[in-house]
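The primary structure of each chain is shown beneath.
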Amino acid sequence: MNISIIGTGYVGLTLSALLARVGHKTHCIDVVPEKIETIKTGKSYFYELGLDNLVKYGIDSGNLIPTLDYGEGLKDADVVFLSVGTPSGKDGGLDLTYIFDAVKKAAKYVKDGVIFVQRSTVPVGTGEKAIIIMKEANPSLKFTYLSCPEYLRESSAVLDSIIQDRIVIGGDDKKAIQKIFDIFEKIENEAEEITKETPEISKYANSYMHSNEHKTMKFSDKCITTCLESAELVKICANSFLAMKISFANNIARICDSVGANVNEVMDGVGMDRRISRSFLYAGLGFGGGCFPKDVKGLKKSLEDHGIDSDLIKMIWKVNEEQVDYIVEQVKKMNIFKGARVGMLGLAFKPGTSDVRVSPACRLGKALSKAGYYVRATDPQAINDAKKEFPEEKNLKYVDTVEEVFDSSEIVILATDWPEYKELDYENLSKLMSKKNFYDARNCLDKKSMSKIFKFENLGS
Ligand code: UGA
């Protein structure tokens, strides 16, 4: 089949590479020349385990064709997946400029009978508007528009795209919907082989997760067909609900700190209830990244646009916003005073990625610097991105090694829960410090053994 993907971010490039891997002639289109140039060399332009292998396979086999040219990329397409960004707009809603520009342009180049599939997270009602824009751009075009949002997580993008949790497709063209289910089933059918070629894709797959039930589910049991509006809402609601679980855990972590309970024990108990589940109830620095923050704000805006109370959603946001300041207060309580050297492990918004968009770790670095501490932070992948998005300051420097983080510090804070940081030789590293204080803001290190080395505190216990 001839398939085109517009937008080569985490969603678009991962899907493009997999479609090419299972034999489709796949054009991936972007408007940023540097991105297309890098993909042409057989590499991803962002860090995502296993993706380079797949991109290289696509380029070498000739199945993956990166292009800046909408005409070339779309003229033969049977299916077009739309996966351009939907960043936060000035009013808090999702900015749909890229989506509407893309469909307007695309409608001029595609052939009759094409199926458009929206993969980006969009506010409810976007599909209806996109259809109008396409009809205006090319009144004679015969096309189908479906909403089929993506649910992959960064750091597990490849695996999540091979074996999807569920495939929800909104629209009313049954034949077109079946075609899309078939495309995804073909990828899932080759899961074993692709995973064998790229075993590293599962390294971060269990972050914050408790079960992998969907892996054993029959493909057809995961397929859901809905109207356009429901499919659009499923995605933004799923992200907001997960964000709500995290804010709930963070809120409860504060009472645990006050009364001497342990938030991990509490959430283990709560999560045993199958109606709730333990996944995404891990207290920490709060949620960040390119999705949860913008989608929570986006849902709030959609509710308000329809005159519906958004207090519940506002509280998810409020708890998350407070979390970094709460951690700064906890550090102060350990008698770490203004002017102290503070080391920070982690900058990425979560393990397994170089992405620092709305990263709680980077926000913590800035907050500590503002509070008068002298901060040195490192990360296995995210230093370059952090330098661009959260520039260094007089009191905030990014360093290459964990040794530099510990050197002469009065306290070290674990800010991103990279598995690599659970394996460090803390005994030896502690010898570099001027005072041996440690704060685990992700609540992921073993308190008992860490307390033998440090004056150790963590969030929520
Ligand atoms: C999220 C969703 O999980 C995906 O299903 C969705 O497809 C994606 O957004 C998207 O809309 O594109 P992602 O942002 O990559 O994926 O990362 P998550 O693993 O969901 O983590 C989000 C944030 O929440 C991170 O900062 C993480 O550290 C934090 N988190 C997560 C917690 O603090 N506690 C938890 O229990 C879980």
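Provided above is the structure to which this section pertains.
Each chain has its residues counted from 1, following the order in which its sequence is written. Given that this is a predicted model, residues contribute local features only at a pLDDT of at least 70 and side-chain atom pairs are listed and counted only at 80 or more, while totals for whole chains, interfaces and linings are drawn from all residues. As a rule here, side-chain values come from all non-hydrogen atoms in the structure, and water together with hydrogens is ignored.

Visitor: Looking at this structure, I do not really get the overall build of the protein chain. What am I missing?
Guide: The numbering of helices and of strands both runs from the N terminus, where a helix is a DSSP run of H or I of at least 4 residues and a strand a run of E of at least 2. Of the regular secondary structure elements, the protein chain holds 18 helices and 14 strands. Using C-alpha atoms as the atom set, the radius of gyration is obtained and then compared with a globule rule of 2.2 Å times the number of residues to the power 0.38. Computed over the C-alpha atoms, the radius of gyration of the protein chain is 23 Å, within 12% of the 23 Å expected from 2.2 N^0.38 for a compact globule of 461 residues. Taken along the three principal axes of its C-alpha coordinates, the protein chain extends 70 × 50 × 40 Å. Buried, partly exposed and exposed residues are distinguished by accessible area as a fraction of the type maximum, computed with a 1.4 Å probe on protein chains only: under 20%, between the cut-offs, and over 50%, respectively. For the protein chain, buried positions account for 56% of its 461 residues. Long-range contacts, defined as pairs at least 24 residues apart, comprise 75% of the intrachain contacts of the protein chain with a sequence gap of at least 6. Residue exposure ignores everything except the shown protein chains as possible cover, and the areas themselves are Shrake-Rupley values with a 1.4 Å probe. With an accessible surface of roughly 19800 Å², the protein chain has 52% of that area assigned to carbon and sulfur atoms. Here, two residues are considered to be in contact whenever any of their heavy atoms come within 4.5 Å of each other.

Visitor: Can you walk me through the site of the ligand in this structure?
Guide: Here, proximity means that at least one heavy atom of the residue falls within 4 Å of the molecule or strand. The environment of the ligand is made up of 22 residues, and the closest members are Tyr 151, Leu 152, Glu 154, Tyr 208 and Asn 239. Here a polar contact means two N or O atoms within 3.5 Å. Within protein one must be a hydrogen donor candidate and the other an acceptor candidate, and residues neighboring in sequence count only if both atoms are side-chain atoms. One of the backbone N or O atoms of Tyr 151 is found 2.8 Å from an oxygen atom in the ligand. The separation between an oxygen atom of the ligand and a polar main-chain atom of Phe 349 is 2.9 Å. If the ligand stood free it would expose 710 Å²; the protein chains cover 96% of that surface. Broken down by secondary-structure element, the contributors of at least two residues to the shell around the ligand are helix H10 (228–259) and helix H12 (292–305). A per-element tally of the shell around the ligand places H10 first, with 3 residues.

Visitor: Looking at this structure, how should I read the sheet that holds strand S14 (residues 455–458)?
Guide: Within a sheet, adjacent strands bond to each other through the backbone by hydrogen bonds, running parallel or antiparallel. Only when DSSP finds a minimum of two bridges between them are two strands counted as paired. One open sheet holds the 6 strands; their spatial order is S11-S10-S9-S12-S13-S14, and the pairing between them is parallel. Strands at the two margins of the open sheet, each flanked by one partner only, are strand S11 (396–398) and S14. Sheet twist, expressed as the average angle between the axes of neighbouring strands with direction ignored, equals 20°. With respect to the sheet, helix H14 (residues 360–370) is in contact with strand S9 (341–345), strand S10 (374–378), S11 and strand S12 (411–414), its orientation differing from that of S9 by roughly 175°. Fitted lines through C-alpha atoms serve as axes, helices being fitted only where they are in contact, and the angles separating the N-to-C directions of these axes extend from 0 to 180 degrees.

Visitor: Got a minute to help me understand the nonpolar core in this structure?
Guide: Side chains of nonpolar character tend, in soluble globular proteins, to be buried together. Here the nonpolar core consists of buried residues drawn from Ala, Val, Leu, Ile, Met, Phe, Trp, Tyr and Cys, with membership extended through side-chain atoms lying within 4.5 Å. Within the largest apolar cluster, 61 residues are counted, with the highest numbers of intra-cluster contacts made by Met 344, Leu 345, Leu 364, Phe 406, Tyr 426 and Phe 438. Those residues in contact with Tyr 426 that sit more than four places away from it in its chain are Leu 345, Phe 406, Leu 414, Tyr 421, Phe 438, Leu 445, Met 450, Ile 453 and Phe 454. In this structure, Cys 28, Cys 148, Phe 181 and Ile 183 belong to the second largest nonpolar core, which totals 43 residues.

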